[in-house]
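Given next are the chains, with one letter for each unit.
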Amino acid sequence: MKSGKMKWEVLIRIRDARLLKRLNEIYSKGGYSSYNKFLVSLIEQSAFKEDRQDKILEVLEEVEDKTSAIYSMVKYNHDFNKL
């Protein structure tokens, strides 16, 4: 495997007919102005997917923490009012 950096311009050859067909379907539905913009968009989605997932998980953890805190307060007040 070659090491090094990718260049700003890359030539790819798609040899899988199913993949090419699917890419053409997505491209035609997407309203992109060029194949290049379409392919860059696909690459960006893949490259930054992990970042978005991490952010979503962080937000969900915050929601869980706040929900647990509210539940504890409600339970404490309910138990306190029983006395």
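Rules of the game
Residues numbered from 1 in each chain as written. Predicted model: local features only at pLDDT ≥ 70, side-chain atom pairs only at ≥ 80, totals over all residues. Heavy atoms only, no water. Patch = residues over 30% accessible without salt bridge, like charges linked within 9 Å, V, L, I, M, F, W, Y side chains within 5 Å. Areas by Shrake-Rupley, 256 points an atom, 1.4 Å probe, with all protein chains shown as cover. Salt bridge = Lys/Arg side-chain N within 4 Å of Asp/Glu carboxyl O. Lys, Arg positive; Asp, Glu negative; His and termini not counted. Charge placed at Lys NZ, Arg CZ, Asp CG, Glu CD. Helix = DSSP H or I, 4+ residues; strand = E, 2+ residues; numbered from the N terminus. Phe/Tyr/Trp six-rings, centres within 6.5 Å; stacked < 30°, edge-to-face > 60°. Buried < 20%, exposed > 50% of the residue type's maximum accessible area, 1.4 Å probe, protein only. Contact = heavy atoms within 4.5 Å. 1 Å grid on protein atoms, 1.4 Å probe; cavity = no way out; pocket = protein on both sides within 12 Å on 5 of 7 lines; lining within 4 Å. Points joined across faces, edges and corners; volume = space filled by probe spheres on them. Nonpolar A, V, L, I, M, F, W, Y, C, P; charged D, E, K, R; others polar. pLDDT = per-residue confidence, 0-100. Expected span 1.5 Å × (residues − 1). Polar contact = N/O pair within 3.5 Å; in protein donor to acceptor, adjacent residues only side chain to side chain. Axes fitted to C-alpha atoms, helices over the stretch in contact; angles between N-to-C directions. Parallel < 35°, antiparallel > 145°, perpendicular 65-115°, else oblique.

Asker: Before we move on, could you go through a negative patch on the surface and cite the residues and values that matter?
Answerer: A contiguous patch of negative charge, built from E50, D51, D54, E58, E61, E62, E64 and D65, is present on the exposed surface. Looking at the element boundaries, E61 is found in helix α3 (residues 49–82).

Asker: How would you summarise the packing of aromatic side chains if you had to cite specific residues and measurements?
Answerer: Counted according to the given criterion, the structure contains four aromatic pairs. Centre to centre, the rings of Y27 and Y32 are 6.5 Å apart; their planes meet at 15 degrees, and the pair counts as stacked. We classify Y32 as partly exposed; its relative accessible area is 29%. Members of the aromatic cluster, joined through ring pairs, are Y27, Y32, Y35 and F38.

Asker: Please provide a residue-by-residue account of the environment of Y35, values included.
Answerer: Residue placement: Y35 occurs in helix α2 (residues 35–47). For the pair Y35 and L57, spaced 22 residues apart in sequence, the C-alpha separation works out to 33 Å. What Y35 contacts, discounting residues up to four positions off in sequence, is N24 and Y27.

Asker: Go over the layout of surface pockets with me, naming the residues and quoting the values.
Answerer: Estimated volume of the largest pocket: approximately 430 Å³. The wall of the largest pocket is formed by 14 residues, among which V10, N36, L39, V40 and I43 lie closest to the centre. Residue composition of the lining of the largest pocket, by class: 10 nonpolar, one polar and three charged.

Asker: If you had to explain the confidence of the model for the protein to someone new, which residues and values would you point to?
Answerer: The predicted model of the protein has a mean per-residue pLDDT of 87, with 95% of residues at 70 or higher. The lowest-confidence element of the protein is α3, averaging 87 in pLDDT; the highest-confidence one is helix α1 (residues 17–30), averaging 93.

Asker: Tell me what's going on with α1, and back it up with residues and numbers.
Answerer: Every α-helix winds through 3.6 residues per turn, so residues three or four apart in the chain are directed the same way. An ideal rise of 1.5 Å per residue puts 20 Å on 14 residues; α1 measures up with 20 Å between its terminal C-alpha atoms. Two or three places before R18, at the start of α1, stands the capping residue D16, its side-chain oxygen 2.9 Å from that residue's backbone nitrogen.

Asker: Describe the environment of G30, naming the residues involved and giving the relevant values.
Answerer: Secondary-structure assignment places G30 in helix α1. The sequence separation of G30 and L19 amounts to 11 residues, and the corresponding C-alpha distance is 16 Å.

Asker: I'd like a rundown of the packing of α1 against α2, residues and numbers included.
Answerer: Describing two packed helices takes the angle between their axes plus the distance from one axis to the other. In contact at an axis separation of 11 Å, α1 and α2 are set at 105 degrees when each is read in the N-to-C sense. Taken as axis vectors, α1 and α2 run roughly perpendicular relative to one another. Across the interface between the two elements, L23, N24, I26 and Y27 from α1 touch Y35, F38 and L42 from α2. Of the residues belonging to the contact of α1 with α2, the class tally is six nonpolar, one polar and no charged.

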